[in-house]
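Given next are the chains, with one letter for each unit.
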Amino acid sequence: MKEAWFCYNNPYFVFQESRGAASLLKDSIPITDFSLPGSFEGHGLRRGFPCVKNELVPSHPLELSEKNFQLNQDKTNFAMLRNIQGLHAPLKLQMELRAVKQAQRLPFLHSSNMALDTLRGNDECIGFEDILNDPSQSEVMGEPHMMMEYKLGLL
Amino acid sequence: MAAVSALRAPSGGFSFDNCARNSLLEAELGQKGQRLPAARKTGTTIAGVVFKDGVVLGADTRATEGMVVADKNCSKIHYISSNIYCCGAGTAADTEMTTQLIASNLELHALSTGRLPRVVTANQMLKQMLFRYQGYIGAALVLGGVDVTGPHLYSIYPHGSTDKLPYVTMGSGSLAAMAVFEDKYKPDMEEEEAKQLVRDAIAAGIYNDLGSGSNIDICVISKNKLDFIRPYDVANRKGERYGRYKCERGTTAVLTENVAHLEIEVVDETVQTMDTS
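Treat the numbers as computed from the prediction; the structure is a model and nothing was measured.

Chemist: How should the overall build of chain B be read in this particular structure?
Modeler: Counting its secondary structure elements, chain B contains five helices and twelve strands. Taking 19 Å as the expected radius of gyration for a compact globule of 277 residues, we find that chain B reaches 27 Å, considerably beyond that expectation. A principal-axis box enclosing the C-alpha atoms of chain B has dimensions of 85 × 65 × 50 Å. Counting over 277 residues, chain B shows a buried share of 42%. A fraction of 61% describes how many contacts in chain B between residues 6 or more apart in sequence connect residues 24 or more apart. Distance from the positive charge centre (28 side chains) to the negative charge centre (32 side chains) of chain B: 6 Å.

Chemist: Honestly, the overall build of chain A in this entry has me stumped. Any pointers?
Modeler: The helix and strand inventory of chain A stands at nine helices and two strands. Reading chain A from its N terminus to its C terminus gives the helix and strand order α-β-α-α-α-α-α-β-α-α-α. When the 155 residues of chain A are sorted by exposure, 19% land in the buried category. Long-range contacts, defined here as pairs at least 24 residues apart, represent 57% of the contacts in chain A between residues at least 6 apart. Accessible area of chain A: about 11500 Å², with a carbon and sulfur share of 59%.

Chemist: Hey, could you run me through the environment of Ala89 of chain A in this one?
Modeler: Residue and element names in this part refer to chain A. Within the element layout of this structure, Ala89 appears in helix α6 (residues 88-101). Classification of Ala89 by relative accessible area gives buried; the value is 10%. For the pair Ala89 and Ile126, spaced 37 residues apart in the sequence, the C-alpha separation amounts to 26 Å.

Chemist: Sorry if this is basic, but what is going on with the packing of helix α5 (residues 69-85) of chain A against α6 of chain A here?
Modeler: Between two packed helices, both the angle of their axes relative to each other and the distance between the axes serve to describe the pair. Residue and element names in this part refer to chain A. Two numbers describe how α5 lies on α6: the axes approach to 7 Å, and their chain directions differ by 140°. It follows from the interaxial angle that α5 and α6 lie oblique. Contacts between α5 and α6 involve Phe78, Leu81, Arg82 and Gln85 from the first element and His88, Ala89, Pro90, Leu93, Gln94 and Leu97 from the second. Here the contact of α5 with α6 is composed, by residue class, of six nonpolar, three polar and one charged.

Chemist: Even after reading the chapter, I still don't get the confidence of the model for chain A, so can you show me in this structure?
Modeler: Do not read the fine detail of predicted coordinates wherever pLDDT is low. All names here are of chain A. Here chain A shows a mean pLDDT of 74. Residues at 70 or above account for 64%. Mean pLDDT in chain A bottoms out at helix α2 (residues 22-25), which sits at 43, and peaks at α6, which reaches 94. Long-range and interchain partners of residues 1-9, a stretch whose pLDDT sits below 50, account for four contacts in this model, where long-range means more than four residues apart. Below a pLDDT of 50 lies the segment residues 31-48, which in the model reaches 35 contacts outside its immediate sequence neighbourhood of four places, other chains included.

Chemist: Could you clarify how one ought to interpret the pattern of salt bridges in this entry?
Modeler: Pairing is possible between side chains that carry opposite charge, provided their charged atoms lie close to one another. All chains considered together, the criterion is met by 14 salt bridges over all chains. Asp74 of chain A is the partner of Arg120 of chain A in a salt bridge, and the nearest nitrogen-oxygen pair spans 3.3 Å. With Arg120 of chain A in helix α7 (residues 114-120) and Asp74 of chain A in helix α5, this pair connects stretches of sequence that are 46 residues apart. On the accessibility criterion, Arg120 of chain A (26% relative accessible area) is partly exposed. Classification of Asp74 of chain A as buried rests on a relative accessible area of 15%. Among the salt bridges present, the one from Lys225 of chain B reaches Glu191 of chain B, with a minimum N-O distance of 3.1 Å. Taken together, the residues Lys225 of chain B in the loop between β11 (215-222) and β12 (226-234) and Glu191 of chain B in helix α5 (residues 191-208) connect sequence positions 34 residues apart.

Chemist: What should I look at first to understand the sheet that holds strand β10 (residues 167-170) of chain B in this one?
Modeler: Across a sheet, paired strands are connected by hydrogen bonds in the backbone, their directions being either parallel or antiparallel. Residue and element names in this part refer to chain B. Across the sheet, five strands lie side by side as β10-β1-β2-β11-β12; this open sheet has antiparallel pairing. The sheet is open, and its two borders are formed by β10 and β12, each paired with just one other strand. Each strand axis lies, on average, 15° off the axis of its neighbour in the sheet, ignoring direction. Two strands pair when backbone bridges link them, and strand β1 (residues 46-50) and strand β2 (residues 54-60) are joined in this way by five bridges, in the antiparallel orientation. Following the sheet pairing, Val50 is matched in β2 by Val55. Lying on the sheet, α5 is in contact with β1, β2, β11 and β12; it crosses β11 at an angle near 150°.

Chemist: Whenever I open this one, the environment of Met274 of chain B confuses me. Can you help?
Modeler: All names here are of chain B. Within the secondary structure, Met274 sits in the segment after β12. Assessed through its relative accessible area of 67%, Met274 is described here as exposed. In sequence terms Met274 and Gly33 are 241 residues apart; their C-alpha atoms lie 48 Å from each other.

Chemist: I keep staring at the sheet that holds strand β9 (residues 162-164) of chain B and nothing clicks. Help me out?
Modeler: All names here are of chain B. What the five strands build is an open sheet, ordered β5-β6-β7-β8-β9; its pairing is antiparallel. Sheet topology places β5 (77-81) and β9 at the edges, where each strand pairs with a single neighbour. Shown here is a sheet whose adjacent strand axes are inclined to one another by a mean of 20°, direction ignored. With three bridges joining them, strand β8 (residues 150-156) and β9 adopt antiparallel strand pairing. When the sheet's bridge partners are listed, Tyr154 is paired in β9 with Lys164. On the sheet, helix α2 (residues 92-113) packs against β5, β6 (84-90) and β7 (139-147) and is oriented at approximately 15° with respect to β5. Across the sheet, helix α3 (residues 119-132) lies against β5, β6, β7, β8 and β9, angled at about 160° from β7, the strand it touches most.

Chemist: Hey, could you run me through the confidence of the model for chain B in this one?
Modeler: Looking at chain B as a whole, its pLDDT mean stands at 89, while 96% of the residues score no less than 70. We note a pTM of 0.76 for the whole complex and an ipTM of 0.73 for its interfaces.

Chemist: Mind showing me how you'd approach unusual backbone geometry here?
Modeler: Backbone torsion omega between Arg230 of chain B and Pro231 of chain B reads 0°, so that peptide bond is classified as cis. For Pro231 of chain B, the position within the fold is in strand β12. Notably, Asn133 of chain A is not glycine yet its phi reads approximately 60°, a positive angle. Among the secondary structure elements, Asn133 of chain A is positioned in the loop between α8 (128-131) and α9 (144-152). Asn133 of chain A sits in the partly exposed class, given a relative accessible area of 44%. A positive phi angle, near 50°, is found at Gln134 of chain B, a position not held by glycine. On the secondary structure map, Gln134 of chain B appears in the loop between α3 and β7.

Conventions adopted
- Residues numbered from 1 in each chain as written.
- Chains lettered and ligands numbered in written order.
- Predicted model: local features only at pLDDT ≥ 70, side-chain atom pairs only at ≥ 80, totals over all residues.
- Heavy atoms only, no water.
- Helix = DSSP H or I, 4+ residues; strand = E, 2+ residues; numbered from the N terminus.
- Rg over C-alpha atoms; globule rule 2.2 N^0.38 Å.
- Buried < 20%, exposed > 50% of the residue type's maximum accessible area, 1.4 Å probe, protein only.
- Contact = heavy atoms within 4.5 Å.
- Lys, Arg positive; Asp, Glu negative; His and termini not counted.
- Charge placed at Lys NZ, Arg CZ, Asp CG, Glu CD.
- Areas by Shrake-Rupley, 256 points an atom, 1.4 Å probe, with all protein chains shown as cover.
- Axes fitted to C-alpha atoms, helices over the stretch in contact; angles between N-to-C directions.
- Parallel < 35°, antiparallel > 145°, perpendicular 65-115°, else oblique.
- Nonpolar A, V, L, I, M, F, W, Y, C, P; charged D, E, K, R; others polar.
- pLDDT = per-residue confidence, 0-100.
- Salt bridge = Lys/Arg side-chain N within 4 Å of Asp/Glu carboxyl O.
- Pairing = 2+ DSSP bridges.

Written out as structure tokens, the structure is:
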């Protein structure tokens, strides 16, 4: 298959390896992962004084629901599909989604996720996530070595 | 350059990073008795009515920012598709962005289905998006258009509820406009009658509500044609000056004249070339 050849021979395509069985059980983004990550120098005007309470509780009522929005949509759609067509329908779709999510660039580079968007139907929609805060235009990037080590489980 | 941690892949959409800082700032300013700057609202009168062949939408043209008029002639009737238009009240940026987003979505949808978009589609898209943001997007809309199933008119509230009615009003002047509608609306009106009715309703809002003013814009949508009349009527005309207050030379008599010369000596002269490339 042409796509498989491209994936194996292209040095920029990396198959995402799951970090053990724990990642398979998670079905929503953890609640503690809120504040602007990667900065322990948080004193002063930018975010107020660092405080554990601020980190645990979302700073805006919409923050949690927006974070999990795509996951919740998928869950609702798959549940509905299961009730209408039987178990095979969501199983097949989830298998396709999982296969397509594995073809990504290196973790600190932005992947286009075109196949994922097509499967989800997002290629015919436009929302705030396409206009505001476009990740491909982000001004900061992750530390390449650290991110690779985390992904490979060496960190 | 700040490095983002390895844990979370960046995603698009709204970023809530500044919320904690903003609430802190607001609390501090509140202690000193000051307020954060207010967002520009449209504080509006918008109305729509269904007549025999289609829909008439009307809006005033004033945008306020707190107690100051920010825009004396803003356009509140937004394009959604060639047969669907939407009036917006509430926060000006929210209505503008929401209607543009839905217009784009509807265009993509129409290209995908190959058919003229329906008003009910736009309604569903708007209500689903507004409900997702739980009313934080302050956009109250009057959506009207004509599609294959006929003329339709919807009102959409910021929290995501919608109403399908033959006549609707929204905004701060909605009560004044609704009073006019309740008095004079008849089903199956002619186009001229409907335009006059909407004009009267918006005028009631303009005269009785501080948040509405200036001109009245009208949009008539029917099966074969679209009329976007801006302005349909100038309700608040700026006062005109009746006379000139400039004095001619010689109005005042000159009694004495004393000219004193200033001795100026050129000490130094420098020339600087300007880069005009």
